[in-house]
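Observations on chain architecture
Listed below, chain by chain, are the residues.
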Amino acid sequence: MIEFRFAVGDLATTSFAYSPLQEAVFSLRCLRDPARYPHHRPWLRRIRPRLDGLDRELLSALVAPWLWVPDFLSPRPERARPSFAEQLEQVRATPEAIVVADFRATYRTQALPPVVARGLAEPSRFLVRVTDALDAYWHACLVADWWPRVQSILEADLAYRGRVLAEQGAGALFPALDHRLSWTGSHLRLSTRDFNVPAPWTDVAIDGRGMVLLPTMFARGAQPLIDPSRPPVLMYPARGRATLSEEPPPVTDDALVRLLGRPRARLLMLLSEPASTTELAHRLGVTPSAVSQHLTVLYDAGLLNRTRSGRIVRYARTRLGDELCR
């Protein structure tokens, strides 16, 4: 059992975010153990030819056999929706001592892979190689089609969790993230009975630092960072991650197609969770301008509502839209 102790006010500084760098690093778990991540198989098939031009030896070594990765490669987000480039700059500034310590903590008692053992002899140069390899991997394999779909799932998760917290409180929120989590009113407890590797610590005080809750596509259950001396971060499985492998849904209700037309009917069916114009365009394989025209018609008809977060506008079905889809 791992216990996170919340003092008065700590819950008020607990927040949600997502991390494109974390998802990029965690996606390397698919390369080590693809059977564990069936939803990513279509993506894996597409990117295999692109991997030959990358630093595959190093990328593979960033993930231990039990799928841990060094903590410094998943820095705590400084805002709710950081960019990959911002987070990579955080990693580039990692002190040499932390780079060495995190790799050793990740591999624990097992011998370091040769590429890591050689690299840690010159940590600063090795850190440059690591960040350059991740940057190349992001642009070659992730940014074009994989990340937009992942981002839409993570955004939908944040919107849903925010509603649960606002309407039902922390007592309903935490257990819904993972059945192993329980909330007592001052302590968040995480059962470790099914951990592959025993947790090296069991008690963490939030102590005014705030906890960040991160949805991820690559966890079967809640996972804290390895090092409890860092600001508390708890990762949990993103809601709806199984949809990553889905093709655009066919429209099977002929009456709905006759009423709205096939493109608008398909959009309405997709919008059971909030999504932006760009995210929908990526999922459907069409241009954002084409999607925007249809969204405007559906919005004007009262079938969608929209909310703005910064420069991003997200659409979701209204109650009337839900009834129409049913």
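A short tour of the structure in this document, coming up.

1. Some details on the pattern of salt bridges
- Per the counting criterion, the structure on display carries 18 salt bridges.
- A salt bridge links Arg-189 to Glu-3, with the shortest nitrogen-to-oxygen separation between them at 2.5 Å. Separated by 186 residues along the polypeptide, Arg-189 in strand 4 (residues 187-190) and Glu-3 in strand 1 (residues 2-5) bring together distant segments of the chain.
- The exposure class of Arg-189 is partly exposed, given its relative accessible area of 31%.
- A salt bridge links Arg-79 to Glu-86, with the shortest nitrogen-to-oxygen separation between them at 2.7 Å.
- We classify Arg-79 as partly exposed; its relative accessible area is 43%.
- Note on Glu-86: relative accessible area 35%, which makes it partly exposed.
- Salt bridges linked by common partners bring Arg-81, Glu-155, Glu-279 and Arg-314 together as one network.

2. Comments concerning the nonpolar core
- Judged by nonpolar contacts, the single largest core of 79 residues is most densely connected at Phe-4, Leu-62, Leu-134, Tyr-137, Leu-188 and Leu-234.
- Here this core takes 9 residues from helix 7 (residues 123-142), the largest share from any one element.
- The residues contacting Phe-4, other than those within four sequence positions of it, are Ser-186, His-187, Leu-188, Val-204, Ile-206, Met-211, Pro-224 and Leu-234.
- Ranked by size, the runner-up nonpolar core spans 18 residues in total, among them Ala-265, Leu-280, Ala-281 and Val-291.

3. A word on the sheet that holds strand 4
- Strand order in the open sheet formed by 4 strands is 3-4-1-5, and the pairing between neighbours is mixed. Two strands bound the open sheet, and with one partner strand each, they are strand 3 (181-183) and strand 5 (203-205). Strand after strand, the sheet turns through a mean of 15° between neighbouring axes, direction not considered.
- Pairing of strand 1 with strand 5, which is carried by 3 bridges, proceeds in the parallel orientation. The residue bridging Phe-4 from the neighbouring strand is Val-204, located in strand 5.
- The strands that helix 9 (residues 170-177) touches are strand 3 and strand 4; relative to strand 3, the one it contacts most, it runs at about 170°.

4. Description of the side chain of Ser-19
- Summarising the element assignment, Ser-19 is placed in the loop between strand 2 (15-16) and helix 1 (20-32).
- Residue Ser-19 is classed as buried on the basis of its relative accessible area, which comes to 1%.

5. Section: the packing of helix 1 against helix 2 (residues 41-51)
- Running from amino to carboxyl end, helix 1 crosses helix 2 at an angle of 90°, the nearest separation of the two axes being 12 Å. When the axis of helix 1 is compared with that of helix 2, the two are roughly perpendicular. For the pair helix 1 and helix 2, contact is made by Ser-27, Cys-30 and Leu-31 and by Trp-43, Leu-44 and Leu-51, respectively.
- Looking at side-chain class alone, the contact of helix 1 with helix 2 contains 5 nonpolar, 1 polar and no charged residues.

6. Examining empty space enclosed by the protein
- Tallying each qualifying case throughout the model produces 3 cavities of 30 Å³ or more.
- Size it by volume and the largest cavity reaches roughly 60 Å³.
- Contributing to the lining of the largest cavity are 11 residues, with Asp-227, Pro-228, Arg-230, Pro-232 and Val-233 lying nearest its centre.
- Broken down by class, the residue content of the lining of the largest cavity amounts to 9 nonpolar, no polar and 2 charged.

7. Notes on unusual backbone geometry
- Positive phi outside glycine occurs at Leu-67, with the angle close to 75°.
- With respect to the element layout, Leu-67 can be found in the loop between helix 3 (56-61) and helix 4 (84-92).
- Taking relative accessible area as the criterion, Leu-67 reaches 6% and is therefore assigned buried.
- With a phi close to 55°, Asp-207 is a non-glycine residue in the positive phi region.
- Its location among the elements puts Asp-207 in the loop between strand 5 and strand 6 (212-216).
- Taking relative accessible area as the criterion, Asp-207 reaches 61% and is therefore assigned exposed.

8. Concerning the sheet that holds strand 9 (residues 275-276)
- Across the sheet, 3 strands lie side by side as 9-11-10; this open sheet has antiparallel pairing. Single-partner strands in this sheet number two, and they are strand 9 and strand 10 (304-309).
- Pairing of strand 9 with strand 11 (residues 312-317), which is carried by 2 bridges, proceeds in the antiparallel orientation. Bridging from a neighbouring strand, Ser-276 pairs with Arg-314 of strand 11.

The rules behind each value
Residues numbered from 1 in each chain as written. Predicted model: local features only at pLDDT ≥ 70, side-chain atom pairs only at ≥ 80, totals over all residues. Heavy atoms only, no water. Salt bridge = Lys/Arg side-chain N within 4 Å of Asp/Glu carboxyl O. Helix = DSSP H or I, 4+ residues; strand = E, 2+ residues; numbered from the N terminus. Buried < 20%, exposed > 50% of the residue type's maximum accessible area, 1.4 Å probe, protein only. Core = buried A, V, L, I, M, F, W, Y, C linked by side-chain atoms within 4.5 Å. Contact = heavy atoms within 4.5 Å. Pairing = 2+ DSSP bridges. Axes fitted to C-alpha atoms, helices over the stretch in contact; angles between N-to-C directions. Parallel < 35°, antiparallel > 145°, perpendicular 65-115°, else oblique. Nonpolar A, V, L, I, M, F, W, Y, C, P; charged D, E, K, R; others polar. 1 Å grid on protein atoms, 1.4 Å probe; cavity = no way out; pocket = protein on both sides within 12 Å on 5 of 7 lines; lining within 4 Å. Points joined across faces, edges and corners; volume = space filled by probe spheres on them.

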